[in-house]
2 protein chains.
Amino acid sequence: MPKKDEAPPGETVDDFDLRGFLPYLLNMAAEESSASFQRYYKGKYGMLRTEWRVLFHLGRYGAMTAKEICDRARMHKTKVSRAVAALQAKRFLTRSPWEDDRRHETLALTSQGRQAYADLAAQGKQFDRALMADFSQEEARLLRQALVRIAKL
Amino acid sequence: MPKKDEAPPGETVDDFDLRGFLPYLLNMAAEESSASFQRYYKGKYGMLRTEWRVLFHLGRYGAMTAKEICDRARMHKTKVSRAVAALQAKRFLTRSPWEDDRRHETLALTSQGRQAYADLAAQGKQFDRALMADFSQEEARLLRQALVRIAKL
DNA sequence: CGTTGTTAGTTACAAAACCAACTAATATGT
DNA sequence: ACATATTAGTTGGTTTTGTAACTAACAACG
């Protein structure tokens, strides 16, 4: 119906397609894949994505400072700062200042936080499995590898 | 960085890794791949990502209504509404109401808009090529295919 | 020492995204 | 016909993010 321009739908005027533009494709795939999982941790724990990321890092890699989370998760320090405050308010983590350098404080999950992490990690694994259900082992391996490379992880 | 498998004291090691969690991986890759391109259209045209998406759809697929953009780009109507207003203010598109149903209006790029699209599309193709530089043809094909599937495009 | 610089983290304010309510035009059902 | 529902799109108020300035603790060097 909308054909008042010179680009007829379905016909290529150039080869710059959706499927040919990787950033677009990656964003759509990322959004699609995050949607249901996000609904889960938002609904069950009232967490934002930033909070889930921080919880994830502490749960998976152990206690560390906010700075370390910034570096590992590539989040800006203000984002981390606010996420940490929110998680602390939810009693999911505690802060303990260093004695030899009081600028730092180690962030560690409480048992409540670990419980939430365990739940979300299990759920996450399930989401992941469902997502990869119709890929072969080899395809899955290649996909992950490619993404790690693009993400420069 | 160290990919050492360490667990917090008293906790069990699990296999829920960064590299094993697809939504996380996709988000990181998407962010990484969008960064430099975003800087380009933001710097040169003062566009937001939403505006670029709308411009992209109109430039690539021809004139259409806001609703069609919502559906194709999976953007919420408020986002599209505001992006359209911004692009109109920049003289990148015009609106023409339908005569038989005045709820609709066809959005079409102006020559200025088409010029911006041509520039950004060319730039985008380059970004894409650079991104895929160290993948084989076969890997690239597989990656795109997998992303299309995950994104349900 | 003290001046300057650097690092970790917070806060304040502006930009953008999100959600819900709204208008206006058309479709539908009785 | 007329009340009700639906559809396209906008607007308002709140939440979340982004940017920059800020504090506090330490480091480095004169």
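Bear in mind the structure is a predicted one, so any value in this text is a computation, not a measurement.

Conventions and cut-offs
Residues numbered from 1 in each chain as written. Chains lettered and ligands numbered in written order. Predicted model: local features only at pLDDT ≥ 70, side-chain atom pairs only at ≥ 80, totals over all residues. Heavy atoms only, no water. Helix = DSSP H or I, 4+ residues; strand = E, 2+ residues; numbered from the N terminus. Contact = heavy atoms within 4.5 Å. Near = heavy atom within 4 Å. Nonpolar A, V, L, I, M, F, W, Y, C, P; charged D, E, K, R; others polar. Polar contact = N/O pair within 3.5 Å; in protein donor to acceptor, adjacent residues only side chain to side chain. Buried area = accessible area lost by both parts, 1.4 Å probe. Salt bridge = Lys/Arg side-chain N within 4 Å of Asp/Glu carboxyl O. Pairing = 2+ DSSP bridges. Axes fitted to C-alpha atoms, helices over the stretch in contact; angles between N-to-C directions.

Asker: Describe the environment of M75 of chain A, naming the residues involved and giving the relevant values.
Answerer: Mapped onto the fold, M75 of chain A is located in the loop between α3 (66–73) and α4 (77–89). Apart from the residues lying within four places of it in its own chain, the contact partners of M75 of chain A are T50, R53, V54, C70 and V80 of chain A.

Asker: Pulling in residues and values, what's your account of the protein's contact with DNA strand D?
Answerer: Around DNA strand D sit 20 residues in total, of which R102 of chain A together with K67, K77, S81 and R95 of chain B are the nearest. Close to the protein, within 4 Å, the atoms of DNA strand D belong to sugar or phosphate groups at a rate of 54%. Those elements that provide at least two residues to the surface near DNA strand D are α4 of chain A together with α3 (66–73) and α4 (77–89) of chain B. Here the element with the most residues in the surface near DNA strand D is α4 of chain B; it accounts for 4 residues. Here the surface near DNA strand D is built from residues that sort into 2 nonpolar, 6 polar and 12 charged.

Asker: Quick one: what's the story with the protein's contact with DNA strand C, residue by residue and with numbers?
Answerer: Near DNA strand C you find 19 residues, and of these K67, K77, T78, S81 and R95 of chain A are the closest. Within 4 Å of the protein, atoms of DNA strand C come from sugar and phosphate in 65% of cases. The backbone of R102 of chain B places a nitrogen or oxygen atom 3.1 Å from a phosphate oxygen of DNA strand C. Those elements that provide at least two residues to the surface near DNA strand C are α3 and α4 of chain A together with α4 of chain B. With 4 residues, the single largest contributor to the surface near DNA strand C is α4 of chain A. Considering only residue class, the surface near DNA strand C consists of 2 nonpolar, 5 polar and 12 charged.

Asker: Describe the interface of chain B and chain A, naming the residues involved and giving the relevant values.
Answerer: The partner chain A presents 65 residues to the 67 residues of chain B that form the contact. Of the roughly 6800 Å² buried at the junction of chain B and chain A (both faces included), carbon and sulfur atoms supply 62%. It is F16, M28 and R60 of chain B in chain B that bury the most area against chain A; as a group they hold 10% of the surface buried on that side. Applying the counting criterion to the chain B and chain A interface returns 6 salt bridges. Of the charged contacts, one joins E32 of chain A and R74 of chain B as a salt bridge, the two residues approaching to 3.3 Å between their closest N and O atoms. At the junction of chain B and chain A, the tally comes to 14 residue pairs in polar contact (both at pLDDT 80 or more). Elements supplying a minimum of two residues to the side of chain B that touches chain A: α1 (22–45), α2 (49–61), α3, α5 (111–131) and α6 (137–151) of chain B.

Asker: Any chance you could break down the sheet that holds strand β2 (residues 93–97) of chain A for me, citing the residues and the numbers?
Answerer: Residues and elements named next belong to chain A. Taken together, 3 strands build an open sheet; the order of strands is β1-β3-β2 and the sheet is antiparallel. Either end of the sheet is taken by a strand with one partner, and the two such strands are β1 (64–65) and β2. Both β2 and strand β3 (residues 105–109) contribute to a ladder of 5 bridges, which runs antiparallel. When the sheet's bridge partners are listed, R95 is paired in β3 with L107. Against the sheet, helix α2 (residues 49–61) touches β1, β2 and β3, its axis set at about 85° to β3.

By themselves, these are just geometric observations and shouldn't be taken as functional.
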